[in-house]
Amino acid sequence: MTDQYGRPIDYMRLSITDRCNLRCTYCMPQGIQAAPRQEILSFEEFLRIARAAVTLGITHFKITGGEPLVRKGTVPFIARLKALPGVETVTLTTNGVLLAPLARQLADAGIDGVNISLDAADRDGYRAITGCDALEDVLAGLHACLALNIRTKVNCVLLSGSETQILPLAGLARRHPVDVRFIEVMPIGAGSSTSGVLQARARAILAREWPDLHPVNEHRGFGPARYEASRALRGRIGWIDAVSHGFCKSCNRVRITSTGLLKPCLCYGEGLDLRALLRADGDTRALACAMAGAIFQKPQAHCFARLQQVSERHLMAQIGG
Ligand code: SAM
Ligand code: SF4
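Residues numbered from 1 in each chain as written. Chains lettered and ligands numbered in written order. Predicted model: local features only at pLDDT ≥ 70, side-chain atom pairs only at ≥ 80, totals over all residues. Heavy atoms only, no water.

Visitor: Quick question: what am I supposed to make of the sheet that holds strand β11 (residues 261–263) here?
Guide: For sheets, the rule is that strands pair by backbone hydrogen bonds, running either parallel or antiparallel. Taking strand neighbours across the sheet as the criterion, the 12 strands line up as β7-β8-β9-β6-β5-β4-β3-β2-β1-β10-β11-β12 in an open arrangement whose pairing is mixed. The two strands at the open ends of the sheet, each matched to only one other strand, are β7 (214–216) and β12 (272–273). Bridge analysis of strand β1 (residues 11–15) against strand β2 (residues 60–64) gives five bridges, and the strand direction is parallel. Within β2, the position partnered with Arg 13 by the bridge is Lys 62. Across the sheet, helix α8 (residues 199–209) is in contact with β5 (152–158), β6 (179–184), β7, β8 (226–229) and β9 (237–240); its angle to β9 comes to roughly 170 degrees. (Pairing = 2+ DSSP bridges. Helix = DSSP H or I, 4+ residues; strand = E, 2+ residues; numbered from the N terminus. Contact = heavy atoms within 4.5 Å. Axes fitted to C-alpha atoms, helices over the stretch in contact; angles between N-to-C directions.)

Shown next as structure tokens:
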């Protein structure tokens, strides 16, 4: 379907849990007031949402969280989602800590891609950002995915004070066929009190090392990243720079929080309570009809430049990024 501004909407992020095994400084440094379990949607309920979404032309799904791999049953859920008629792709965003032992099962479930969040390339830097000594586990997860030919990307948030991480993290794209994408800090949750590095500064660091870095007009997924290539790199460098270069004009996505709120835009708190509809036992048609109404109203653009207008009060871990 298209929204009121004519943008085709074909991508949905499903945040299947608000729990996480890390405490990233910019996301949930103190943990969260986790929602009571009965408020978190069951996998059956997520599948009902996906069935309704497919009837609206939404065929690409991203599984996120919290940390999706801490929820029991995530991999079988992914297999069932992937097998739904009309679903084209299912991808996963994970911090990678629990990934290595699950990579084979994810491949068997038909996963179309895995994004691993990694904001530091050395053990101390990683521990300082995440509160956990798990860099080796994350790298094992990355290598397990590569060995299984799972399309793998690395996502790094551009944090002030971590500029020295930018080049070593980008170096993963030199050694491996992975895209390394740099994300500007968004003023959501703990991100609103986190100081970040803008894309232009990060790019300057990389261009000093790889002067032939140049934009390529490639779609390498379903998101807003812009990509650059260098002869020295096997993967691409990607930029997800919502703050300095808004990409709302081509936004194709909606989000479902773990408690079943359909969020048309990351920036605003408003959404449609799908859990109430699901538990009132609305059928797929009724659900799709309500979803279509909310998606049609998707706001024209985010308001990260006018912080007082950001009405979203959830943490990113509750929304799913
Ligand atoms: N736990 C999983 C992970 O870290 O990939 C999935 C959930 S996490 C909320 C999804 C993505 O959002 C991660 O790449 C994370 O780095 C990013 N993220 C969290 N807070 C952010 C913020 N304030 N600005 C930009 N990205 C953020
Ligand atoms: Fe957890 Fe992901 Fe948030 Fe880090 S960014 S605290 S891994 S949800």
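That shown, we press on.
Visitor: In this structure, what is going on with the site of ligand 2? I would like to understand it.
Guide: Surrounding ligand 2, one finds Cys 20, Leu 22, Cys 24, Tyr 26, Cys 27, Met 28, Gly 66, Asn 95 and Ala 317. Classifying every residue of the shell around ligand 2 gives seven nonpolar, two polar and no charged. (Near = heavy atom within 4 Å. Nonpolar A, V, L, I, M, F, W, Y, C, P; charged D, E, K, R; others polar.)

Visitor: Mind showing me how you'd approach the nonpolar core here?
Guide: Side chains of a nonpolar character, in soluble globular proteins, are inclined to be buried together. Counting residues in each nonpolar core, the largest one holds 102 residues, and the members touching the most others are Leu 81, Phe 182 and Met 291. Broken down by element, this core gets its largest block of residues, eight residues, from helix α1 (residues 43–55). Leaving out residues up to four positions away in the same chain, Met 291 has contacts with Met 12, Ile 49, Ala 52, Ala 53, Leu 56, Leu 262, Leu 272 and Leu 274. (Core = buried A, V, L, I, M, F, W, Y, C linked by side-chain atoms within 4.5 Å. Buried < 20%, exposed > 50% of the residue type's maximum accessible area, 1.4 Å probe, protein only.)

Visitor: Help me out: how do you make sense of the pairing of β6 in this one?
Guide: A regular strand places its side chains on the two faces of the sheet in alternate fashion. Of all six residues that make up β6, six are buried, and the element is covered over most of its length. Here β6 shows a buried face lined by Asp 179, Arg 181 and Ile 183 and a second buried face lined by Val 180, Phe 182 and Glu 184. When β6 meets β9, the two strands line up parallel, connected through four bridges. Paired with Arg 181 across the two strands is Gly 238, which belongs to β9.

Visitor: Can you help me understand empty space enclosed by the protein in this one?
Guide: In this approach, a probe sized like a water molecule rolls over the atoms, and the result shows the empty space that is left. The full count for this structure, using the stated rule, is one cavity of 30 Å³ or more. In this model, the largest cavity occupies a volume close to 50 Å³. Those elements giving two or more residues to the lining of the largest cavity turn out to be β5 and α6 (166–170). At three residues, β5 tops the list of elements feeding residues into the lining of the largest cavity. Split into classes, the residues belonging to the lining of the largest cavity amount to eight nonpolar, two polar and one charged. (1 Å grid on protein atoms, 1.4 Å probe; cavity = no way out; pocket = protein on both sides within 12 Å on 5 of 7 lines; lining within 4 Å. Points joined across faces, edges and corners; volume = space filled by probe spheres on them.)

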